Amino acid sequence: MQPSSTRASAPAPDAAVAVPATRPTEDDRHRPGRPDFRRANLALFAAGVATFVLLYSTQGLLPILSADLDLTPGQASWTASAATLGLALGLLPASALSDRYGRTAVMTASTLAASVLALALPLAPDLTTLVVLRVVQGAALAGLPATAMAYLAEEVHPSALASAMGLYVAGNSIGGMGGRLLSGWTAAALGWRWGLAASAALALLATLVFGLLIPAARHFTPAPVDPRALAHTVGRHLRNPLLVRLYALGMLFMAVFGAVYNTVGYRLISAPFHLPESVAASIFVVYLVGTGTSAAAGRLSARLGRRGALYVAIGVTSAGLLLSLADSLACALLGLVLITAGFFAGHATASAAVGRTATEGRAQASALYLIAYYLGNSLGGTLGADAYHSTGWPGAATVGLTAMTLAAAVTLYATHRAHTTRRAIADA
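About the criteria used
- Residues numbered from 1 in each chain as written.
- Predicted model: local features only at pLDDT ≥ 70, side-chain atom pairs only at ≥ 80, totals over all residues.
- Heavy atoms only, no water.
- Axes fitted to C-alpha atoms, helices over the stretch in contact; angles between N-to-C directions.
- Helix = DSSP H or I, 4+ residues; strand = E, 2+ residues; numbered from the N terminus.
- Parallel < 35°, antiparallel > 145°, perpendicular 65-115°, else oblique.
- Nonpolar A, V, L, I, M, F, W, Y, C, P; charged D, E, K, R; others polar.
- pLDDT = per-residue confidence, 0-100.
- Contact = heavy atoms within 4.5 Å.
- 1 Å grid on protein atoms, 1.4 Å probe; cavity = no way out; pocket = protein on both sides within 12 Å on 5 of 7 lines; lining within 4 Å.
- Points joined across faces, edges and corners; volume = space filled by probe spheres on them.
- Buried < 20%, exposed > 50% of the residue type's maximum accessible area, 1.4 Å probe, protein only.
- Polar contact = N/O pair within 3.5 Å; in protein donor to acceptor, adjacent residues only side chain to side chain.
- Salt bridge = Lys/Arg side-chain N within 4 Å of Asp/Glu carboxyl O.
- Expected span 1.5 Å × (residues − 1).
- Phe/Tyr/Trp six-rings, centres within 6.5 Å; stacked < 30°, edge-to-face > 60°.
- Lys NZ or Arg CZ within 6 Å of the ring centre and 35° of its normal.
- Left-handed = near helix turned anticlockwise from the far one by under 90°.
- Patch = residues over 30% accessible without salt bridge, like charges linked within 9 Å, V, L, I, M, F, W, Y side chains within 5 Å.
- Areas by Shrake-Rupley, 256 points an atom, 1.4 Å probe, with all protein chains shown as cover.

Peer 1: Requested: an account of the packing of helix α3 (residues 73–101) against helix α15 (residues 362–391), with residues and values cited.
Peer 2: Packing of α3 against α15 brings their axes to within 8 Å, and their N-to-C directions diverge by 170°. Relative to α15, the element α3 lies roughly antiparallel. When the residues that make up the contact of α3 with α15 are grouped by side-chain class, the tally is 15 nonpolar, nine polar and one charged.

Have a look at this one:
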């Protein structure tokens, strides 16, 4: 929902970023036109689909879970928040394991373990069991977003790296949207257990494709796991004020996304809209808005600067939240489009800035961003669902507006610091 290259455009929310520990000694990396290049691209596309189908498999069926298990929106939302929480907790350990045991080994183990766990989800007898399984599944899923970009950077020729990463990100986006749609549509027809089973089947198929296609790594050099060195690098990043602000922004933007998308299904099936559950589940098609917005964020940053792009993203997201308060289906849908566009623009801008700011330990810097990002999803999703249960859609929108107010405060503080620094330099 993982951390990216240091280019101005950034990946969709569910992508992660890592950099290679070593550079190849001979230039036999995968190039366009070669079978191994096509295999690597398709394999990582399939792995992205598998990972994000599973990560968001319950978000599209939360209203159905509530009705079947007699759960409040807040209780049901834990099935979505638990997976992103587990993923956040697993990112740093998974990145360290991939340095020791290899990219393909960690990616294969991650997707296979998470897909096998998915088979147990439809059999969960109660909410507690389902939430525990989702936490474990999220932790298992961490191996792919923590490792995939490093594999591509090591094994693909630099001239083709951008296109290879783009296809991987596309797999993430399609998996994230597809997981929500597939589980939601199936659950509307057959019940939530069958919805989860459908997601598990698709993830297993994608995992099989990944395992059959992924070329063996030829440019990976194992490195020992050094907890002290890792802790030193992480501590250095957390003492960097700019990185900390970027992590906070990623968390706040994702809190809005979690609050909105964990509750929008409930709103659409309730008064005054009363949409069928299958139609409400289709709302996740709006997720595609982020594909274009993420690409446009790079151009926006080039024109307005990082803080200017963030102000635009905060303003668009806030406008969408306010517009969505109207009891009009057209306003609700347009508001959701604006929220989604603003979120992706903010996330793309902040995550790209992390890569440019961290001159050393970029993999760990990006992992910390993703940890904050997915924790924001868990926190915002839970708070938004609780607020929706208490006061309806205005409650969920208020959670989002509060997050955007904090994001604006962080950005204003950064602007003030920049102006103060420039004045000090001019006066020196």
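Peer 1: Outline the confidence of the model for the protein, supporting the account with residue identities and numerical values.
Peer 2: Residues with a pLDDT of 70 or more make up 88% of the protein, whose mean pLDDT is 85. Per-residue pLDDT stays below 50 along residues 1–25; that stretch engages in 104 contacts with residues further than four places along the chain or on separate chains.

Peer 1: With reference to specific residues and values, describe empty space enclosed by the protein.
Peer 2: Where empty space is left can be seen by rolling a probe of water-molecule size over the atoms. Of the volumes computed, that of the largest cavity is approximately 100 Å³. The wall of the largest cavity is formed by 16 residues, among which Gly-60, Pro-63, Gly-265, Ala-280 and Ala-281 lie closest to the centre. Listing elements by their share of the lining of the largest cavity, those giving two or more residues are α2 (62–69), α11 (264–269) and α12 (277–281). Of the residues belonging to the lining of the largest cavity, the class tally is 10 nonpolar, five polar and one charged.

Peer 1: Quick rundown of the side chain of Ser-351? Include the residues and the values.
Peer 2: Considering the arrangement of structural elements, one finds Ser-351 in helix α14 (residues 329–357). A residue is classified by how much of its surface remains accessible, and Ser-351, at 5% relative accessible area, is buried. Only 2.8 Å separates the side chain of Ser-351 from the backbone oxygen of His-347, close enough to count as a polar contact.

Peer 1: I'd like a rundown of the pattern of salt bridges, residues and numbers included.
Peer 2: The final tally for this structure, using the stated rule, is one salt bridge. The shortest N-O distance in the salt bridge between Asp-327 and Arg-267 comes to 3.7 Å. Of this pair, Asp-327 sits in the loop between α13 (289–323) and α14 while Arg-267 sits in helix α11, and the two are 60 residues apart along the sequence. The class for Asp-327 is exposed, based on a relative accessible area of 63%. Relative accessible area serves as the criterion here: at 7%, Arg-267 is assigned to the buried category.

Peer 1: Run through helix α8 (residues 192–213), naming residues and quoting values.
Peer 2: Its 22 residues give α8 an end-to-end C-alpha distance of 32 Å, which sits within 8% of 32 Å, the value for a rise of 1.5 Å per residue. Those residues of α8 that fall on the buried side of the exposure criterion are Trp-192, Gly-195, Leu-196, Ala-198, Ser-199, Ala-200, Ala-203, Ala-206, Thr-207 and Phe-210.

Peer 1: For the side chain of Thr-357, give the residues involved together with the corresponding values.
Peer 2: For Thr-357, the location among the structural elements is in helix α14. Looking at Thr-357, its side chain comes within polar contact range of the main-chain oxygen of Ala-353, at 2.7 Å. Contacts of Thr-357, omitting those with residues within four sequence positions, involve Asn-240, Leu-242, Leu-243 and Leu-246.

Peer 1: Describe in detail unusual backbone geometry, supporting the description with residues and values.
Peer 2: Cis peptide bonds are those with omega within 30 degrees of zero, and the linkage from Ala-271 to Pro-272 qualifies with 5°. Secondary-structure assignment places Pro-272 in the loop between α11 and α12. A positive phi angle, close to 55°, is found at Asp-70, a residue other than glycine. Topologically, Asp-70 is positioned in the loop between α2 and α3. Even without being glycine, His-274 reaches a positive phi, approximately 55°. Structurally, the position occupied by His-274 is in the loop between α11 and α12. Judged by relative accessible area, His-274 falls into the exposed class, the value being 55%.

Peer 1: How would you summarise the packing of aromatic side chains if you had to cite specific residues and measurements?
Peer 2: How two aromatic rings sit relative to each other is given by the distance of their centres and the angle of their planes. Applying the stated rule across the entire model yields nine aromatic pairs. Their ring planes at 20° and their centres at 4.1 Å tell us that Phe-257 and Phe-343 sit as a pair that is stacked. Here Phe-257 is found in helix α10 (residues 241–261), whereas its partner Phe-343 is found in helix α14, with 86 residues between them in sequence. Across the pair, Phe-343 and Phe-257 agree in class, each one buried. With a centroid separation of 5.9 Å and 35° between ring planes, the pair formed by Tyr-266 and Tyr-388 is classed as tilted. On the criterion of sequence distance, the pair formed by Tyr-266 in helix α11 and Tyr-388 in helix α15 is long-range, its members being 122 residues apart. The pair formed by Tyr-266 and Tyr-388 is uniform in burial state, with each residue classed as buried. Taken together, the ring pairs in this structure connect Phe-257, Tyr-261, Phe-284, Phe-343, Phe-344, Tyr-369, Tyr-373 and Tyr-374 into an aromatic cluster. The ring centre of Tyr-101 lies 5.1 Å from the NZ or CZ of Arg-100, which sits over that ring. The ring of Tyr-56 has Arg-180 sitting right over it, with the charged end atom 3.8 Å from the ring centre.

Peer 1: How would you sum up the packing of α10 against α15? Please name residues and give values.
Peer 2: Contact geometry of α10 with α15 gives a least axis separation of 6 Å together with a crossing angle of 35°. Note that α10 runs across α15; the crossing there is right-handed. The segment α10 lies against α15, with Leu-246, Tyr-247, Gly-250, Met-251, Met-254, Ala-255, Gly-258 and Ala-259 engaging Ala-365, Leu-368, Tyr-369, Ala-372, Tyr-373, Leu-375, Gly-376, Asn-377, Gly-380, Gly-381 and Gly-384. Of the residues belonging to the contact of α10 with α15, the class tally is 12 nonpolar, seven polar and no charged.

Peer 1: I'd love a proper account of a nonpolar patch on the surface, names of residues and values included.
Peer 2: Among the surface-exposed residues, Leu-202, Leu-205, Leu-208, Val-209 and Leu-212 lie close enough to one another that they form a single nonpolar patch of about 440 Å² accessible area. Its location among the elements puts Leu-202 in helix α8. Here Leu-202 falls in the partly exposed class, since its relative accessible area comes to 31%.

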